[in-house]
Amino acid sequence: MIDNADDLKEKALANKIGLRKKYVNIPIGDDEYGFRLAGIGAKAVKLEKYVKYDDIMEAIEEGHDEGLEAMIKTIIEEYEPEIKEE
């Protein structure tokens, strides 16, 4: 069993190609979402998931107010670009 970050990193980097084909399921709200291990780097692991706009709206219409789709919709709706000072 790996018990430190350095050994974990070394194993990840040694198996980078195979790990990039793996998925991790993460529960968010009432649903579980599959994220791909998209990047294996020297400092971190990058997770990736594509969420289609149609899927976002469909989930909201079905009452999934606590899921990933609802979170993404809220982020988009509430985003305000920063005003650059001159």
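This structure is a prediction, so every number in the text was calculated from the model and none was measured. Positions within a chain are numbered from 1, following the residues in the order the chain's sequence is written. In keeping with the model being predicted, local features are shown solely for residues with a pLDDT of at least 70 and side-chain atom pairs are shown and tallied solely at 80 or more, while totals for entire chains, interfaces and linings include all residues. Side-chain metrics in this entry use all non-hydrogen atoms of the structure; hydrogen atoms and water are not considered.

**Describing the pairing of strand E1 (residues 23-28)**
One requirement defines pairing of two strands: DSSP has to find at least two bridges between them. Runs of E in the DSSP output that reach at least two residues are strands. Runs of H or I that reach at least four are helices, and both are numbered from the N terminus. For E1 and strand E2 (residues 31-40), the ladder comprises six bridges, and the chain directions are antiparallel. The residue of E2 that forms the bridge with Asn25 is Gly34. What sits between the antiparallel neighbours E1 and E2 is a turn of two residues, in which Gly29 has the positive phi angle 65°.

**Here's the deal with the environment of Ile26**
Tracing the backbone through its elements, the reader meets Ile26 in strand E1. Exposed residues in this analysis have more than 50% of their type's maximum accessible area, buried residues have under 20%, and partly exposed residues fall in between, with area computed by a 1.4 Å probe over protein chains only. In this structure Ile26 comes out as partly exposed when scored by relative accessible area, which is 27%. In this structure, the C-alpha to C-alpha distance between Ile26 and Lys49, residues 23 residues apart in sequence, is 11 Å. Setting aside anything within four residues of it in sequence, one finds Ile26 in contact with Asp31, Glu32, Tyr33, Phe35 and Leu47. Note on contacts: a residue pair is in contact if any heavy atoms of the two residues lie within 4.5 Å.

**A short note on the environment of Asp6**
Tracing the chain through its elements places Asp6 in helix H1 (residues 5-14). Separated by 36 residues in the primary sequence, Asp6 and Ala42 have C-alpha atoms spaced 9.6 Å apart.

**Some remarks on the sheet that holds E2**
Spatial ordering of the open sheet is given by E1-E2-E3, a layout of three strands whose pairing is antiparallel. What marks the edges here is a single partner per strand, and that holds for E1 and strand E3 (45-48). Taken over all neighbouring pairs, the strand axes of this sheet differ in orientation by 40° on average, direction set aside. Where helices are involved, their axes are fitted lines through C-alpha atoms of the stretch in contact, as for all axes, and angles between N-to-C directions lie from 0 to 180°.

**Section: the pattern of salt bridges**
Opposite charge on two side chains permits pairing when their charged atoms draw close. Put simply, a salt bridge is a Lys or Arg side-chain nitrogen that is within 4 Å of an Asp or Glu carboxyl oxygen. Under the criterion given, the structure shown has two salt bridges. The residue Glu48 makes a salt bridge to Arg36 at a minimum N-O spacing of 2.6 Å. Of this pair, Glu48 sits in strand E3 while Arg36 sits in strand E2, placing them 12 residues apart in sequence. In this structure Arg36 comes out as partly exposed when scored by relative accessible area, which is 23%. In this structure, the salt-bridge partner of Glu77 is Lys73, at a minimum N-O distance of 2.6 Å. Taken as a pair, Glu77 and Lys73 lie in helix H4 (residues 68-78) at a separation of four residues, close to a single helical turn.

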